[in-house]
Amino acid sequence: MITGWHRPTRIIVDPQKITENILSQRKIIAPDKEIFAVVKANGYGHGDLAVAKAALKAGVTGFCVALLDEALHLRENGITEPILILNMVDPQFLSLASENNLSVTCGNQEWLDQVLAQINHLSIQKPLKLHLKIDSGMGRIGFFDEKSLQKAAQIISDHPQLELEGIFTHFATADEADEEYYQHQLSTFKKLLDTLPQLPRYVHSSNSAAALWHEAGVGNMIRMGISMYGLNPSGSALVLPVNLQPALELVSELIQVKLVPADTGISYGKTYTTDCPQWIGTVPIGYADGYLRSLQGFHVLVEGELCEIVGRINMDQLMIHLPKKFPLGTKVTLIGENRGKIVSAQDVADFAKTIHYEICCLLSDRLPRIYLGERDQK
Ligand SMILES: Cc1ncc(COP(=O)(O)O)c(C=O)c1O
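Everything numeric in this text was worked out from a predicted model, so none of it was measured.

Here is what the cut-offs are and how they apply
- Residues numbered from 1 in each chain as written.
- Predicted model: local features only at pLDDT ≥ 70, side-chain atom pairs only at ≥ 80, totals over all residues.
- Heavy atoms only, no water.
- Buried < 20%, exposed > 50% of the residue type's maximum accessible area, 1.4 Å probe, protein only.
- Helix = DSSP H or I, 4+ residues; strand = E, 2+ residues; numbered from the N terminus.
- Contact = heavy atoms within 4.5 Å.
- Patch = residues over 30% accessible without salt bridge, like charges linked within 9 Å, V, L, I, M, F, W, Y side chains within 5 Å.
- Areas by Shrake-Rupley, 256 points an atom, 1.4 Å probe, with all protein chains shown as cover.
- Salt bridge = Lys/Arg side-chain N within 4 Å of Asp/Glu carboxyl O.
- Lys, Arg positive; Asp, Glu negative; His and termini not counted.
- Charge placed at Lys NZ, Arg CZ, Asp CG, Glu CD.
- Disulfide = S-S within 2.5 Å.
- Pairing = 2+ DSSP bridges.
- Axes fitted to C-alpha atoms, helices over the stretch in contact; angles between N-to-C directions.
- Domains from an automatic or database assignment.
- Buried area = accessible area lost by both parts, 1.4 Å probe.
- Polar contact = N/O pair within 3.5 Å; in protein donor to acceptor, adjacent residues only side chain to side chain.
- Parallel < 35°, antiparallel > 145°, perpendicular 65-115°, else oblique.
- Left-handed = near helix turned anticlockwise from the far one by under 90°.
- Core = buried A, V, L, I, M, F, W, Y, C linked by side-chain atoms within 4.5 Å.
- Near = heavy atom within 4 Å.
- Nonpolar A, V, L, I, M, F, W, Y, C, P; charged D, E, K, R; others polar.

Q: I'd like a rundown of helix α3 (residues 48–57), residues and numbers included.
A: Residues spaced three or four apart along an α-helix point in a common direction, a consequence of the helix completing one turn every 3.6 residues. Most of α3 is tucked away: seven of the ten residues are buried. Along α3, the positions that sit buried rather than exposed are D48, L49, A50, V51, A52, A54 and A55. Taken together, the buried residues of α3 touch α1 (15–26), β2 (34–38), α2 (40–44), β3 (62–65), α4 (68–76) and β20 (369–371). Phi turns positive, to about 90°, at G59, one or two residues after α3.

Following this line, the structure appears as structure tokens:
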């Protein structure tokens, strides 16, 4: 995708806040637990490399991604720490994982059978590191019965080109006040772990929510995602036990400001008509940037004032109702702080009836990402 460097619309990320968010959580996480930073989906839209570097400053000892390509991107850019790929990688590409010292997820016997069938045709110099995934109640990938888990663990341990490096599960409701299902998953995971003759180097179950509200589940490693970016995993359902600072802002500028008469239609479909003379500002951002079309009627900040998004959001532009005339080039904050007022990713998500994870991940590569303290980094 082509990035719009010559347009005043930007994502601004403060890597220092990411470092601080991890350090403040470190204080409530048992010291013997390692933290792996989850930087999939381009670091939840924040930029994987900048996030990885900020996380390393806070002492994380590894990373999690979803895709082989995301892991390769980290390696190509000098990240040498352990990297776990959380999704299953097509076995035909496992030479790449092995060459790059990447750990991969084994989520079922069928996948393992395919690996065994292909392993002699792959170039595996060092044993391929595998993490067995247990489905303790997420219903996604993973082993969920004792026998198949034991069988897979045995096959991996016996195979000279495979190494059982980890075992893990993922919670579906760690971010909810009702603990019942979380406890059910936890005990399912523990029971399955107890059936194995020995445990591998990494045992992990906790995402951000489990680390924040459940004394980090069971295991010796935390897979920390959303909280490191400064966002509350529960949205606004649960109170955070530590202070987190959102690391991302989305800003633009007014590129046109005009006083339109009453009864003027604004944007496609004429879904908004002025009922009196109004100052209308145009902002160069749209749904092709990941700013959802469903945000019509939501607001942005201009000089600390909330301004409604009027008319349909276009692919590249949107219009706002201004309380008065503002000069061209005036800053518009779509996510973040503007003169003491805040529009948070959570506010945006609430309006769009989604979660802040999605709002951040959807911000497209059309938007330049500026890192405070490293202004020239892309
Ligand atoms: C398997 C797994 N672990 C950890 C995480 C990180 O979760 P969070 O961002 O809620 O901390 C995710 C995120 O989707 C995940 O899929």
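Next comes the rest of the write-up.
Q: Explain a negative patch on the surface to me, and be specific about the residues and the numbers.
A: There is a patch of like negative charges on the surface, built from E176, D178, E179 and E180. With respect to the helices and strands, D178 occurs in the loop between β7 (162–168) and α8 (180–194).

Q: Quick one: what's the story with the state of the cysteines, residue by residue and with numbers?
A: Inspection of every chain in the model, using the stated rule, returns zero disulfides. Cysteine C276 is unpaired, with the sulfur of C307 as its nearest cysteine sulfur at 14 Å. Just so you know, C361 is unpaired, no disulfide at all, and the nearest cysteine sulfur is the one on C360, 6.9 Å from it. According to the relative accessible area criterion, C361 is partly exposed, its value standing at 35%.

Q: Outline the sheet that holds β2, supporting the account with residue identities and numerical values.
A: Spatially, the eight strands close up into a barrel ordered β2-β3-β4-β5-β6-β7-β8-β9, and their pairing is parallel. The sheet shows a mean angle of 30° between the axes of neighbouring strands, taken without regard to direction. Here strand β4 (residues 83–85) pairs with strand β5 (residues 103–106) via two bridges, running parallel. Bridge pairing in β5 places L84 opposite S103. Across the sheet, α4 is in contact with β3 and β4; its angle to β4 comes to roughly 165°.

Q: Describe the domain arrangement of the chain, listing the residues and the values that go with them.
A: Along its sequence, the chain is carved into domain 1 (32–229) and domain 2 (248–371). Between the C-alpha centres of domain 1 and domain 2 the distance comes to 39 Å. At the interface, eight residues of domain 1 touch eight residues of domain 2. Between domain 1 and domain 2, roughly 740 Å² of surface is buried when both sides are summed, and carbon and sulfur atoms account for 64% of that area. Our enumeration of links across domain 1 and domain 2 arrives at zero salt bridges. On inspection of domain 1 and its partner domain 2, the count reaches two residue pairs in polar contact (both at pLDDT 80 or more). No other element matches α2, which puts three residues into the side of domain 1 that touches domain 2.

Q: How would you explain the environment of A174 if you had to name every residue and give the values?
A: Relative to the assigned elements, A174 resides in the loop between β7 and α8. Linking A174 and Y357, residues 183 residues apart in sequence, is a C-alpha distance of 15 Å. A174 has contacts with Y182, N207, A209, A210, W213 and H214, leaving out every residue within four places of it along the chain.

Q: Explain the packing of helix α6 (residues 109–118) against helix α7 (residues 146–158) residue by residue, including any values.
A: Between α6 and α7, the shortest axis-to-axis distance is 11 Å and the interhelical angle comes to 20°. Classified by the angle between their axes, α6 and α7 sit roughly parallel to one another. α6 and α7 meet at a crossing whose hand is left-handed. On α7, the residues that touch Q109, L112 and L116 of α6 are S148, K151, A152, I155 and I156.

Q: Residues and numbers for the nonpolar core, please.
A: The nonpolar side chains of a soluble globular protein tend to be buried with one another. Ranked by size, the top nonpolar core spans 110 residues in total, and within it F63, L132, M228, Y291 and I320 carry the most contacts. For this core, the leading source of residues is α3, giving six residues. In this structure, this core is formed jointly by two domains, domain 1 (32–229) and domain 2 (248–371), each of which donates at least three residues. Membership of the second largest hydrophobic core comes to six residues, among which are Y272, I280, V310 and M319.

Q: Now, about the site of the ligand: what can you tell me, with residues and values included?
A: By nearness alone, every residue bordering the ligand is listed as V38, K40, Y44, L86, R140, H170, N207, S208, R223, G225, I226 and Y357. Compared with its free state, where it exposes 390 Å², the ligand has 90% of that area covered by protein. Its residues placed into classes, the shell around the ligand shows five nonpolar, four polar and three charged.

Q: Give me the side chain of N21: which residues, what numbers.
A: Residue position: N21 is located in helix α1. Taking relative accessible area as the criterion, N21 reaches 0% and is therefore assigned buried. When sequence neighbours within four positions are dropped, the list of residues in contact with N21 reads S227, M228, Y229, G230, N243, L244 and Q245.

Q: Kindly report on the packing of α1 against α3, identifying the contributing residues and their values.
A: Helix-helix packing: each pair is described by the crossing angle between the helix axes and the interaxial distance. For the pair α1 and α3, the least separation of the axes is 8 Å and the interaxial angle reads 45°. Judged by the angle between their axes, α1 and α3 are oblique. Crossing geometry of α1 relative to α3 is assigned as right-handed. Contact residues: P15, I18, T19 and I22 in α1; V51, A54, A55 and K57 in α3. For the contact of α1 with α3, the class distribution of residues is six nonpolar, one polar and one charged.

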